[in-house]
Amino acid sequence: MSEQRTSMIERVVHRIEEHIEEWRRQDAARHMEAEANRDELWAAAAEREKLLVESINEEESRRDSLGEITKEHQVVFVAHSEEVAQALEKFASEGDCLVKAIPAHRGNYAKERGIKGSWLVFESRD
């Protein structure tokens, strides 16, 4: 009977060792897959970073050419109040001409945000 017990214990130990070995193989496969995924994610992150840098550079180059575009099309976008819009519309409808733009120096708030203003001087065609 002792021999049967020993062989039964050996079989149990052998099965446990097989389970442990299988677990180790699966664990190694998971680690390899995780490493491959990590490499893939790093490559994707590097590609996104590259695209972001390209996009930022493209945007900055567009900003640099804004002055050229303005000159070429003779158009300027101006942010202003409703009152100013009405005055500008009146000047345009009466055929008044812009004769001078005088840069104005605003407070620190505008300077910190890169906002610049100008006085636009119109002359009547009368």
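Look a little higher up for the structure.
Residues numbered from 1 in each chain as written. Predicted model: local features only at pLDDT ≥ 70, side-chain atom pairs only at ≥ 80, totals over all residues. Heavy atoms only, no water.

1. Focus: the overall build of the chain
This is how it is decided: Counting from the N terminus, the helices are DSSP H or I runs at least four residues long and the strands are E runs at least two residues long. A simple rule labels every residue: compare its accessible area, found with a 1.4 Å probe on the protein chains alone, to the largest value its type can have, and call it buried under 20%, exposed over 50%, or partly exposed in between. Whether two residues are in contact is decided by their heavy atoms: any pair within 4.5 Å suffices. Accessibility throughout is a Shrake-Rupley quantity obtained with a 1.4 Å probe, and a residue counts as covered only by protein chains that appear here.
The helix and strand tally for the chain stands at 4 helices and 2 strands. When the helices and strands of the chain are read in sequence order from the N terminus, they spell out α-α-α-β-α-β. Among the 126 residues that make up the chain, the fraction classed as buried is 3%. Of all intrachain contacts in the chain linking residues separated by at least 6 positions in sequence, the fraction that spans at least 24 positions is 37%. Total accessible area on the chain is roughly 12000 Å²; 56% of this is exposed by carbon and sulfur atoms.

2. Remarks on the pattern of salt bridges
Inclusion rule: By convention in these notes, a salt bridge is any Lys or Arg side-chain nitrogen within 4 Å of a carboxyl oxygen on Asp or Glu.
Here the structure, examined in full by the defined rule, presents 5 salt bridges. Glu18 is the partner of Arg15 in a salt bridge, and the nearest nitrogen-oxygen pair spans 3.5 Å. Residue Arg15 and its partner Glu18 are both found in helix H1 (residues 2–64); the two are separated by 3 residues, about one turn of the helix. When its relative accessible area of 35% is taken as the criterion, Glu18 is described as partly exposed. Notably, a salt bridge pairs Glu94 with Lys90, separated by 3.3 Å at the nearest N-O pair. Classification of Glu94 by relative accessible area gives partly exposed; the value is 42%. Residue classification places Lys90 among the partly exposed residues on the basis of a relative accessible area of 45%. The network of salt bridges with shared partners includes Glu21, Glu22 and Arg25.

3. Re the environment of Val121
Tracing the sequence through the fold places Val121 in strand S2 (residues 117–123). Judged by relative accessible area, Val121 falls into the partly exposed class, the value being 30%. The residues touching Val121, leaving out its near neighbours within four places in the chain, are Cys97, Leu98, Val99, Lys100 and Ile102.

4. Let's talk about the environment of Arg25
Note the threshold: Nitrogen and oxygen atoms within 3.5 Å of one another constitute a polar contact, given that in protein one can donate a hydrogen and the other can accept it, and given that sequence-neighbouring residues count only through two side-chain atoms.
Along the polypeptide, Arg25 turns up in helix H1. Its relative accessible area of 47% is what places Arg25 among the partly exposed residues. Here the side chain of Arg25 touches Glu22 through a polar contact of 2.8 Å, side chain to side chain.

5. Some remarks on a nonpolar patch on the surface
The following threshold applies: Note on patches: the residues involved have over 30% relative accessible area and no salt bridge, like charges join within 9 Å, and the nonpolar side chains Val, Leu, Ile, Met, Phe, Trp and Tyr join within 5 Å.
A contiguous nonpolar patch, built from Met8, Val12, Ile16 and Ile20 and spanning about 350 Å² of accessible area, is present on the exposed surface. Positionally, Ile20 belongs in helix H1.

Nothing here speaks to function; it is geometry throughout.
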